[in-house]
Amino acid sequence: MSIRAWSKTESLFSKDIVNDQLRQNLADPWAIVEDVEDIYAQSLTCYAESMPAERFAVEVTQQLGCIRLDIGQNFQGMTN
């Protein structure tokens, strides 16, 4: 994980943080970079296996759902 990786990730989210008026402290940069790297690695593996797009969508949806659940739980913990 690198500063460069976070810089790229932050640039993707910076407009959303401003537009949605999100508090920046709610975003854990290291967790985001780790999740992005995991999804990217999974994408490369599926591509190397010539996995059809439909199957890839099923594979990645489960991982994205877990990430979303974690984020939701962390957000609720910070607002309570």
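Residues numbered from 1 in each chain as written. Predicted model: local features only at pLDDT ≥ 70, side-chain atom pairs only at ≥ 80, totals over all residues. Heavy atoms only, no water.

Caption draft 1: Region of the structure containing the pattern of salt bridges. Scanning the model with the defined rule gives one salt bridge in all. Here Arg55 makes a salt bridge to Glu59, at a shortest N to O gap of 2.6 Å. Of this pair, Arg55 and Glu59 both sit in helix α3 (residues 53–79), four residues apart, which is roughly one turn of the helix. Overall, Glu59 belongs to the partly exposed group, its relative accessible area being 28%. (Salt bridge = Lys/Arg side-chain N within 4 Å of Asp/Glu carboxyl O. Helix = DSSP H or I, 4+ residues; strand = E, 2+ residues; numbered from the N terminus. Buried < 20%, exposed > 50% of the residue type's maximum accessible area, 1.4 Å probe, protein only.)

Caption draft 2: The side chain of Gln42, seen in detail. Inspection of the secondary structure assignment puts Gln42 in helix α2 (residues 29–48). The contacts of Gln42, once residues within four sequence positions are left out, are Glu59, Val60 and Gln63. (Contact = heavy atoms within 4.5 Å.)

Caption draft 3: Region of interest: unusual backbone geometry. Of note in this structure, Ser50 is not a glycine but carries a positive phi near 55°. Counting through the fold element by element, Ser50 comes out in the loop between α2 and α3. By relative accessible area, Ser50 is classed as exposed at 63%.

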